[in-house]
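Residue strings, one per chain:
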Amino acid sequence: MATDELLTRALESLGDDGPVSVEAIRSLADPAAVPESMTIAEAADLLDVSAHTLRYYERAGLVEVSRDSLGHRVYDAAAVRRLVFLTRMRLSGMPMRDLQHYIALVDEGAGTVPERLDMLVEHRDTIRRRIRELTLSLAATEFKIATYGGDAGPDAID
C-alpha cells in the first residue's frame with residue numbers, strides 16, 4: 001500500500017472538513033497494515049520516497065535497519081512506522097537537525113518525553129501558521145482565477 005493510499009485512508013476517516021484525529025494518523029502506522037519485513041524498494045514504494053532518501057535517513061541516524069545474509073537492507077514494521085513519522089515530519093517542514101535531535105531523545109528513553117512534547121508542540125504551532133499562510137495564498141489564487149473568469153472556490157477543486 002503506497003503512502004498515497006495510506007493518506008487517503010487516513011483522510012477519509014476524517015470526513016469532510018472534520019478535525020484531524022489522532023486515530024486517523026494512528027491508522028498510518030497500524031502494524032497490521034505493514035508487512036513484517038520489506039526490501040528497500042518496497043519500503044521506498046510504500047512511503048513514496050526514493051531508496052536514496054531511505055539510505056540517507058539511515059546514515060543520518062534516524063532509523064536502524066537490519067541486513068539479510070546477503071547484506072541487503074530489511075525494513076521491519078518498527079522501522080517502517082518510524083519512517084512514516086519521519087516522512088510526515090519532513091513533509092511538514094521539520095528540519096533534519098530537529099528530526100535527528102528528536103530521534104536521539106526517543107532513543108534515550110522515557111525521561112525525554114517532556115522535551116519531545118515541547119518540540120512537537122512548537123512544530124505543531126509552526127505547521128498551523130503555515131496552514132494559515134497557505135490558506136491565504138489559496139484565497140489569493142482563487143481571487144485571481146475568478147478575476148480571469150475561471151471557477152474559484154471549494155467546488156472548483158473537484
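Student: What's the story with the packing of helix 6 (residues 96-108) against helix 7 (residues 113-147) in this structure? I'm lost.
Tutor: For any two helices packed against each other, the geometry is given by the interaxial angle and the distance between the axes. Orientation of helix 6 relative to helix 7, taken along the N-to-C sense of each, is 155°, at an axis distance of 9 Å. Classified by the interaxial angle, the pair formed by helix 6 and helix 7 is roughly antiparallel. For the pair helix 6 and helix 7, the sense of crossing is left-handed. On the side of helix 6, the interface is formed by Asp98, His101, Tyr102, Leu105 and Val106, while helix 7 contributes Glu115, Arg116, Met119 and Leu120. Here the contact of helix 6 with helix 7 is built from residues that sort into five nonpolar, one polar and three charged.

Student: Mind showing me how you'd approach the nonpolar core here?
Tutor: One recurring pattern in soluble globular proteins: nonpolar side chains tend to sit buried together. Counting residues in each nonpolar core, the largest one holds 28 residues, and the members touching the most others are Leu54, Leu62, Tyr75 and Leu83. Those elements giving two or more residues to this core turn out to be helix 3 (40-47), helix 4 (51-59), helix 5 (77-91) and helix 6. Of all the elements, helix 5 adds the most residues to this core, at seven residues. Setting aside anything within four residues of it in sequence, one finds Tyr75 in contact with Glu36, Ser37, Met38, Thr39, Ile40, Ala43, Leu54, Glu58, Val65, Val80 and Leu83.

Student: Help me understand the pairing of strand 3 (residues 73-76), please; the structure alone is not making it clear to me.
Tutor: Remark: a regular strand shows side chains that alternate across the two faces of the sheet. Strand direction decides the pairing type here: strand 1 (residues 37-38) and strand 3, joined by two bridges, are antiparallel. Looking at strand 3, one finds that Ser37 is bridged to Asp76. Summarising the sheet, strand 2 (residues 66-67) and strand 3 pair through two bridges and their orientation is antiparallel. Bridging from a neighbouring strand, Ser66 pairs with Val74 of strand 3. Joining the antiparallel neighbours strand 2 and strand 3 is a turn of five residues, in which Gly71 adopts a positive phi near 90°.

Student: Where do I start with the environment of Glu64 in this structure?
Tutor: By the secondary structure assignment, Glu64 is in the loop between helix 4 and strand 2. Residues Glu64 and Ala78, 14 residues apart in the sequence, show an inter-C-alpha distance of 9.5 Å.

Student: What am I meant to see in unusual backbone geometry here?
Tutor: Most peptide bonds take the trans form, and the phi angle of most residues other than glycine is negative. One non-glycine residue, Asp48, adopts positive backbone phi at about 60°. For Asp48, the position within the fold is in the loop between helix 3 and helix 4.

Reading the values: rules and limits
- Residues numbered from 1 in each chain as written.
- Predicted model: local features only at pLDDT ≥ 70, side-chain atom pairs only at ≥ 80, totals over all residues.
- Heavy atoms only, no water.
- Axes fitted to C-alpha atoms, helices over the stretch in contact; angles between N-to-C directions.
- Helix = DSSP H or I, 4+ residues; strand = E, 2+ residues; numbered from the N terminus.
- Parallel < 35°, antiparallel > 145°, perpendicular 65-115°, else oblique.
- Left-handed = near helix turned anticlockwise from the far one by under 90°.
- Contact = heavy atoms within 4.5 Å.
- Nonpolar A, V, L, I, M, F, W, Y, C, P; charged D, E, K, R; others polar.
- Core = buried A, V, L, I, M, F, W, Y, C linked by side-chain atoms within 4.5 Å.
- Buried < 20%, exposed > 50% of the residue type's maximum accessible area, 1.4 Å probe, protein only.
- Pairing = 2+ DSSP bridges.

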